[in-house]
Amino acid sequence: MSQRKKIVLIGAGNIGGELAALAARSELGDVWLFDIPDKEGVAKGKALDLEQNGAVLGYDAHIRGTSNWDDLTGADVAIVTAGVPRKPGMSRDDLLSVNLKIIRGVAEQLKSRCPNAFVIVVSNPLDAMVYAMRQGTGFPAERVVGMAGVLDSARFQLFLAREAGVSIKDVRAMVLGGHGDTMVPVTSYCTINGVPVSQLIAADKLAAIIDRTRNGGAEVVKLMGTSAFYAPASSAIAMAKAYLHDEKRLIPCAAFLTGQYGLKDLYIGVPVIIGGKGVEKIIEVALNEAEKAMLAASAAAVRELIEASARL
Ligand SMILES: NC(=O)c1ccc[n+]([C@@H]2O[C@H](COP(=O)([O-])OP(=O)(O)OC[C@H]3O[C@@H](n4cnc5c(N)ncnc54)[C@H](O)[C@@H]3O)[C@@H](O)[C@H]2O)c1
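Residues numbered from 1 in each chain as written. Predicted model: local features only at pLDDT ≥ 70, side-chain atom pairs only at ≥ 80, totals over all residues. Heavy atoms only, no water.

Glancing now at the packing of helix α3 (residues 96-113) against helix α9 (residues 289-310). For any two helices packed against each other, one specifies the inter-axial angle together with the distance between the axes. One way to put it is that α3 packs onto α9 with a least axis distance of 11 Å and a crossing angle of 70°. The angle between α3 and α9 falls in the class roughly perpendicular. Between α3 and α9 lies a crossing whose hand is right-handed. Here Leu-96, Leu-100 and Arg-104 of α3 lie close against α9, whose contacting residues are Leu-305, Ala-308 and Ser-309. Along the lines of polarity and charge, the residues of the contact of α3 with α9 split into four nonpolar, one polar and one charged. (Axes fitted to C-alpha atoms, helices over the stretch in contact; angles between N-to-C directions. Helix = DSSP H or I, 4+ residues; strand = E, 2+ residues; numbered from the N terminus. Parallel < 35°, antiparallel > 145°, perpendicular 65-115°, else oblique. Left-handed = near helix turned anticlockwise from the far one by under 90°. Contact = heavy atoms within 4.5 Å. Nonpolar A, V, L, I, M, F, W, Y, C, P; charged D, E, K, R; others polar.)

Here you go:
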C-alpha cells in the first residue's frame, strides 16, 4: 500500500501558510508547518484552521504545526521559507547575513532527518541561500533547487498579457539569471500562443515591461510593507507537484551549474526539467548576444553574494 507523501514547510509565515493551503487543496500529501518555538502557536493555529477548511472545500489532508524537528523526519519534500522578508527600501541582498545563518541551521537539520527529501529553497537572497542549502546538506544537486524563475516569469507573463490585451493563459515567457535586479527576461522566447511578443508589443513598451518585471518584487513590497506570498507559494507548489507527480515540467529554476552556459559552481536561474528524480536535466537554450551578456552580469552578481557568504 502506498503511503501519503510527507511535505514539510520550514517557516510558517506568509508564504508558509499559503504553501500549506495550496498543498492541502491539491492533496499533494500530509503537511507539517514548522517554525521557531516562539511561533509554534502560529504554526499550529494555521494548521488547525486549514484542516477545518478541508471540511468546507472537501479535501483530505492532515496538516499539523510544530517547532519540533523530530516531527519532520523522513519528509519527501521540504520547502524552505525560513528567514526574514524584505521591508520597503531593502534589496534581497540586504537579507544575506541574517538569512544565511538561518539556512545553515535548517540545512543541518534536514541533512540528518530528511536525507531523501527534494528541497525547494525560497528564502532570499535566493541564489546564495540555495547554494548554502546544498553546501550544508551535501545532498545531490538534483535534489536541491531554488524557486525564483517561475515567479519572475509569472510576473513577466502578467505584464505582457495586460499590454497585449490577451488572456494570461496564452502567454509563455521565461526569466533566467539570478533572482535580483540583474535577472534576465528572455524576450526571444516570449510568445503569445506561438506568436513572438515583438510582433504584438512595441519595443519601448517591451522595455518598460522588462524593467517592471525586474522590479516586480519591490513593487509589491512597497505596497504591502512585506514580500509577496500568493504567487511565490504557487510557484514553489508547482515545482513540488512536478517532482511528486513526475511531471517532467520544463520551468526556470535556480539550479546548480557544472559548466552549462559557461558557468560552474553556482546556482542561477536556468530552464530545467523537473520530474520524479528532481532536477532531471538542465536545458541549454540558445541566447542572443545581449541575453548572454545579461546572464554573465547576473552570474557575476550571484558569484559576489556566494563569496560574501563564504566570509560570514
Ligand atoms: N524566491 C522568491 O521568489 C521569493 C519571493 C518572495 C519572498 N521570498 C523570501 O521568502 C522568505 C519568507 O517570506 P515570508 O513572506 O513568508 O516571510 P515571513 O516573515 O512571513 O515568514 C518567515 C518565517 O520564517 C520563520 N523563521 C525564522 N527563522 C526560522 C528558523 N530558524 N526555522 C524555521 N522558521 C524560521 C519566521 O519565524 C517566520 O514565521 C523571505 O526571505 C522572503 O524574502 C522569496
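Let us look at the environment of Ile-268. Its location among the elements puts Ile-268 in strand β13 (residues 264-275). You can call Ile-268 buried: its relative accessible area is 0%. For the pair Ile-268 and Val-130, spaced 138 residues apart in sequence, the C-alpha to C-alpha distance is 9.4 Å. Ignoring sequence-local partners within four residues, the contact set of Ile-268 consists of Asp-127, Gly-177, Gly-178, Cys-253, Ala-254, Ala-255, Leu-257, Leu-263, Leu-295, Ser-298, Ala-299 and Val-302. (Buried < 20%, exposed > 50% of the residue type's maximum accessible area, 1.4 Å probe, protein only.)

The subject of this paragraph is the site of the ligand. As a matter of local geometry, the ligand sits amid 27 residues, with Asn-14, Asp-35, Val-84, Val-122 and Met-147 nearest to it. Note that a nitrogen atom of the ligand is positioned 2.8 Å from one of the backbone N or O atoms of Met-147. Coverage of the ligand by the protein chains reaches 89% of its 870 Å² of free accessible surface. According to the grid-proximity analysis, the pocket containing the ligand is the largest pocket. At the level of elements, α1 (14-25) and α3 are the ones that each hand at least two residues to the shell around the ligand. In terms of residue class, the shell around the ligand is built from 15 nonpolar, 10 polar and two charged. (Near = heavy atom within 4 Å. Polar contact = N/O pair within 3.5 Å; in protein donor to acceptor, adjacent residues only side chain to side chain. Areas by Shrake-Rupley, 256 points an atom, 1.4 Å probe, with all protein chains shown as cover. 1 Å grid on protein atoms, 1.4 Å probe; cavity = no way out; pocket = protein on both sides within 12 Å on 5 of 7 lines; lining within 4 Å. Sits in = over half its atoms within 2 Å of the grid points.)

Now for helix α8 (residues 230-244). Note: α-helices contain 3.6 residues per turn, so residues at a spacing of three or four share the same orientation. Look at α8: 21 Å from first C-alpha to last across 15 residues, which is about the 21 Å you get at 1.5 Å a residue. Buried within α8 are the following residues: Pro-232, Ala-233, Ser-235, Ala-236, Ile-237, Met-239, Ala-240, Ala-242, Tyr-243 and Leu-244. (Expected span 1.5 Å × (residues − 1).)

It is worth spelling out the pairing of strand β2 (residues 30-34) at this point. Both faces of the sheet carry side chains from a regular strand, because those side chains alternate between them. Most of β2 sits out of view: five of its five residues are buried. Where strand β1 (residues 6-10) and β2 come together, five bridges link them in parallel fashion. Bridge pairing in β2 links Ile-7 to Val-31. Regarding the hand of the β-α-β motif, the stretch spanning β1, α1 and β2 is right-handed. As paired strands, β2 and strand β3 (residues 63-66) are joined by four bridges and run parallel to one another. Residue pairing in the sheet places Phe-34 in a bridge with Thr-66 of β3. Where the polypeptide runs from β2 across helix α2 (residues 40-57) and back to β3, its parallel neighbour, the crossover connection is right-handed. (Pairing = 2+ DSSP bridges. Right-handed = clockwise from strand over helix to strand, strands pointing away.)

So, about the pairing of β13. Along β13, 10 of the 12 residues are buried, which leaves the element largely enclosed by surrounding structure. With 10 bridges joining them, strand β12 (residues 249-258) and β13 adopt antiparallel strand pairing. Bridging from a neighbouring strand, Cys-253 pairs with Val-270 of β13. Counted along the chain from β12 to the antiparallel partner β13, the turn is five residues long, and its residue Gly-259 has a positive phi close to 125°. As judged from the four bridges shared by β13 and strand β14 (residues 278-282), these two strands associate in the antiparallel manner. Across the sheet, the residue bridging to Gly-275 is Gly-278, located in β14. The antiparallel pairing of β13 with β14 creates a hairpin that spans two residues between the two strands.

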